[in-house]
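Spelled out from the first residue to the last, the chains are:
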4 protein chains.
Amino acid sequence: MNVNHEYKFFVRYSEVDPMKFVHNSKYLVYFEEARIDLVRKNNYPYNQIESDGYIFPMSEAKLEYKSSIYYGEYIKVIVSLAYLKNFSMKFNYKIIKPDGKIACEGYTVHACVDKRNNDFVDIPEKLRMILEKYID
Amino acid sequence: MNVNHEYKFFVRYSEVDPMKFVHNSKYLVYFEEARIDLVRKNNYPYNQIESDGYIFPMSEAKLEYKSSIYYGEYIKVIVSLAYLKNFSMKFNYKIIKPDGKIACEGYTVHACVDKRNNDFVDIPEKLRMILEKYID
Amino acid sequence: MNVNHEYKFFVRYSEVDPMKFVHNSKYLVYFEEARIDLVRKNNYPYNQIESDGYIFPMSEAKLEYKSSIYYGEYIKVIVSLAYLKNFSMKFNYKIIKPDGKIACEGYTVHACVDKRNNDFVDIPEKLRMILEKYID
Amino acid sequence: MNVNHEYKFFVRYSEVDPMKFVHNSKYLVYFEEARIDLVRKNNYPYNQIESDGYIFPMSEAKLEYKSSIYYGEYIKVIVSLAYLKNFSMKFNYKIIKPDGKIACEGYTVHACVDKRNNDFVDIPEKLRMILEKYID
């Protein structure tokens, strides 16, 4: 269907490093909050997914930092699905600056894991139906 | 010459997330502290490099998470150089768990930038001589 | 005048520790973002205050943790001014959980400092006029 | 007996904010790591305490920031016990800069809680015997 999810927020002061840029590690937090916002807006909040018995440890991440994010900027993360497999999923991200410039492009891959025993498990149907709408 | 640098430390409590694993974003902080430890041990501390006029914004990062790091583990980061170009450098990392398992493999690419004007600039000779020893 | 400022947000996944509570250090980040939101909503964003030459290092903080904040909760920080002196200011905070319970009460004291020389300096008039409205 | 525990470490790059100071929230992380180092050095690591069934949520914290900590500084946290009660304990801290100046003084109060049901519980004897040595 090619729907993207957008998550917008102000950069926090404590995320900015002595170079006056957002610290490189915080982009992974922004990616995470964009994923979480996607399921929240689809009425399946992440804490409910976890209490339903699933966790999604990250197996891979790639980030291309294209232009710095400065303190005070209002940022947009665009998140979509690259693929959904039985036990794993891949998200694509773009972080956009207020002037429309791309700050960062990247992806993350996650396993779907049963939180009781840490075994791989099928992505639950309720989550799959939400995520399918966002496949690129 | 194929020398690696090893940086060892205990995982912090505040770095561990509700899944009981070290949060995925903290691995980039561990990579950073390993780079910084490398230059510190070679008597060119990072704050001196910055006061000499250079900063090294990250342009790319890749992380493959291979097994989770738990609270209380004593971790080792092995860092080496993949390449040194005129204006950029690439580091390789392995994070090793106490049992010898690889927790994460990855790399980061950094530009060398003049902190007064944010222009690309040659890696300073003093730093280049240190880093060359660690090229894979 | 006794106006309070309210700042609302969802707890982030990476802020939650292995006890499943928001980590104690994150409350100071929440206090900071509430202060910053207060001046932003009054059309004097913090990055502009800094570029006007002022910084506000913390000189004191007190936190009373009254009930834990869990992942997924939508939280409200209520911030007001305890006092404004020539070179310093004190903020009061309450963090409120979705069920109305107080999660934390606290205060922070900040000096007003000239960022060029780190000397104490009068709180700028433009900022003082904003903050005065929020004195308890 | 009046024994203090000292925990030493280098400030991390990602902990320093745009004012070039260590961010005010990181001091609580430093306090925590000093507490954890104390029990680790006494052969009762914190992850073992937790797997023995105890957690120690913070009920109160106070911090007096006396002089800024800058990037690259090698810092010392001195931690001792103010008191041990049945269900709670209070720690005192001093953070010392390389030149001997006090960067921060503060305290934290913690409840001793049974992690299965979140009820208050007596501080376990093994931990009490360690902490008693550090009472001021």
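Above this note sits the structure.
Residues numbered from 1 in each chain as written. Chains lettered and ligands numbered in written order. Predicted model: local features only at pLDDT ≥ 70, side-chain atom pairs only at ≥ 80, totals over all residues. Heavy atoms only, no water.

Engineer: How should the interface of chain D and chain B be read in this particular structure?
Structural biologist: Frequently, the measure chosen for interface size is the accessible area removed from exposure when the parts meet. Taken residue by residue, the interface counts 17 residues in chain D and 17 residues in chain B. Carbon and sulfur atoms make up 46% of the surface buried where chain D meets chain B, a total of about 1700 Å² over both sides. Per-residue buried area on chain D facing chain B is highest for R12(D), Y13(D) and Y71(D); these three make up 38% of the total on that side. In this structure, the connection of chain D to chain B is made through two salt bridges. Two residues, E15(B) and R12(D), come together in a salt bridge whose shortest N-O distance is 2.6 Å. Here chain D and chain B share six residue pairs in polar contact (both at pLDDT 80 or more) between them. When residues of the side of chain D that touches chain B are assigned to their parent elements, the largest contribution, six residues, is made by helix α1 (residues 26-41) of chain D. (Contact = heavy atoms within 4.5 Å. Buried area = accessible area lost by both parts, 1.4 Å probe. Salt bridge = Lys/Arg side-chain N within 4 Å of Asp/Glu carboxyl O. Polar contact = N/O pair within 3.5 Å; in protein donor to acceptor, adjacent residues only side chain to side chain. Helix = DSSP H or I, 4+ residues; strand = E, 2+ residues; numbered from the N terminus.)

Engineer: Explanation requested: the sheet that holds strand β6 (residues 102-111) of chain D in the structure shown.
Structural biologist: Adjacent strands of a sheet pair through backbone hydrogen bonds, lying either parallel or antiparallel. The strand order across the open sheet built from ten strands is β1(C)-β4(C)-β5(C)-β6(C)-β3(C)-β3(D)-β6(D)-β5(D)-β4(D)-β1(D), with neighbouring strands paired in antiparallel fashion. Across the chains shown, the open sheet's two edge strands, defined by having one partner strand only, are β1 (5-10) of chain C together with β1 (5-10) of chain D. Adjacent strand axes in the sheet meet at a mean angle of 20 degrees, parallel and antiparallel pairs treated alike. Bridging between strand β5 (residues 88-96) of chain D and β6(D) involves nine bridges; their strand directions are antiparallel. (Pairing = 2+ DSSP bridges. Axes fitted to C-alpha atoms, helices over the stretch in contact; angles between N-to-C directions.)

Engineer: Any chance you could explain the interface of chain B and chain A here in plain terms?
Structural biologist: On the side of chain A, 23 residues touch chain B, which itself brings 23 residues to the contact. Buried surface at the junction of chain B and chain A, both sides included, amounts to about 1900 Å², of which 59% is carbon and sulfur. Linking K62(A) and E60(B) is a salt bridge whose minimum nitrogen-to-oxygen distance equals 3.9 Å. Viewed at the interface, chain A and chain B are joined by six residue pairs in polar contact (both at pLDDT 80 or more). Per-element tally for the side of chain B that touches chain A: the top contributor is strand β3 (residues 58-65) of chain B, with eight residues.

Engineer: Can you walk me through the packing of aromatic side chains in this structure?
Structural biologist: What characterises a pair of aromatic rings is the spacing of the ring centres plus the angle enclosed by the ring planes. Taken as a whole, this structure holds 52 aromatic pairs over all chains when the rule is applied. Look at Y46(C) and F56(C): their rings are 6.1 Å apart centre to centre, the planes differ by 55 degrees, and that puts the pair in the tilted class. Separated by ten residues along the polypeptide, Y46(C) in helix α2 (residues 46-51) and F56(C) in the loop between β2 (54-55) and β3 (58-65) bring together distant segments of the chain. Their ring planes at 5 degrees and their centres at 3.9 Å tell us that F31(D) and Y93(D) sit as a pair that is stacked. (Phe/Tyr/Trp six-rings, centres within 6.5 Å; stacked < 30°, edge-to-face > 60°.)

Engineer: It is not clear to me how the pairing of strand β4 (residues 74-84) of chain C should be interpreted in this structure. Could you clarify?
Structural biologist: A regular strand places its side chains so that they alternate between the two faces of the sheet. All names here are of chain C. Inspection of the sheet shows β1 paired to β4 by six bridges, in the antiparallel sense. Its bridge partner lying in β4, F9 is registered against I75. Sheet topology places β4 next to strand β5 (residues 88-96); eight bridges connect them, and they run antiparallel. Across the sheet, the residue bridging to S80 is N92, located in β5. Count of turn residues in the β4/β5 antiparallel hairpin: three residues.

Engineer: Looking at this model, I keep getting lost on the relation of the copies chain B and chain A. Mind explaining?
Structural biologist: The relation between the two copies of this chain is a rotation about an axis and a shift parallel to it. Under the fitted operation, chain B is carried onto chain A by 0.0 Å of movement along the axis and a turn of 180 degrees, and the coordinates agree to an RMSD of 0.0 Å. What the superposition gives is, in effect, a two-fold axis relating one chain to the other. No C-alpha of chain B approaches the rotation axis more nearly than that of K62(B), which lies at 2.2 Å. Comparing contact sets, 100% of the residues at the interface of chain B also lie at the interface in chain A, consistent with an isologous, same-surface contact. (Least-squares fit on C-alpha atoms with pLDDT ≥ 70 in both.)

Engineer: In this structure, what is going on with the relation of the copies chain D and chain B? I would like to understand it.
Structural biologist: Under the fitted operation, chain D is carried onto chain B by 0.0 Å of movement along the axis and a turn of 180 degrees, and the coordinates agree to an RMSD of 0.0 Å. In this assembly, 100% of the residues forming the interface of chain D have copies in chain B that are likewise at the interface, indicating an isologous arrangement.

Engineer: Even after reading the chapter, I still don't get helix α3 (residues 125-132) of chain B, so can you show me in this structure?
Structural biologist: Residue and element names in this part refer to chain B. Considered for burial, the residues of α3 that qualify are L127, R128, I130 and L131. Looking down the long axis of α3, one finds its buried residues gathered within 165 degrees of arc, a one-sided arrangement. On its buried side, α3 packs onto α1 (26-41), α2 (46-51), β4 (74-84) and β5 (88-96). (Buried < 20%, exposed > 50% of the residue type's maximum accessible area, 1.4 Å probe, protein only. Arc of directions from axis to C-beta.)

Engineer: Hey, could you run me through the pairing of strand β3 (residues 58-65) of chain D in this one?
Structural biologist: In this structure, β3(C) lies alongside β3(D), joined through five bridges in antiparallel fashion. Among the inter-strand pairings, E60(C) is bridged to a residue of β3(D), identified as E64(D). Where β3(D) lies against β6(D), seven bridges are found, and the strand directions are antiparallel. Looking at the pairing, E60(D) lines up with V109(D) of β6(D).

Engineer: I'm lost on empty space enclosed by the protein in this one. Help?
Structural biologist: A water-sized probe, rolled over the atoms, reveals where empty space remains. Counted according to the given criterion, the structure contains one cavity of 30 Å³ or more. Roughly 430 Å³ of internal volume is contained in the largest cavity. Forming the boundary of the largest cavity are 26 residues, of which K26(A), K26(B), S14(C), K26(C) and K26(D) lie nearest the centre. Among the elements of the structure, α1 (26-41) of chain A, α1 of chain B, α1 (26-41) of chain C together with α1 of chain D are those that each provide at least two residues to the lining of the largest cavity. Partitioned by chemical class, the residues of the lining of the largest cavity number four nonpolar, ten polar and twelve charged. (1 Å grid on protein atoms, 1.4 Å probe; cavity = no way out; pocket = protein on both sides within 12 Å on 5 of 7 lines; lining within 4 Å. Points joined across faces, edges and corners; volume = space filled by probe spheres on them. Nonpolar A, V, L, I, M, F, W, Y, C, P; charged D, E, K, R; others polar.)

Honestly, it's all geometry; don't read function into it.
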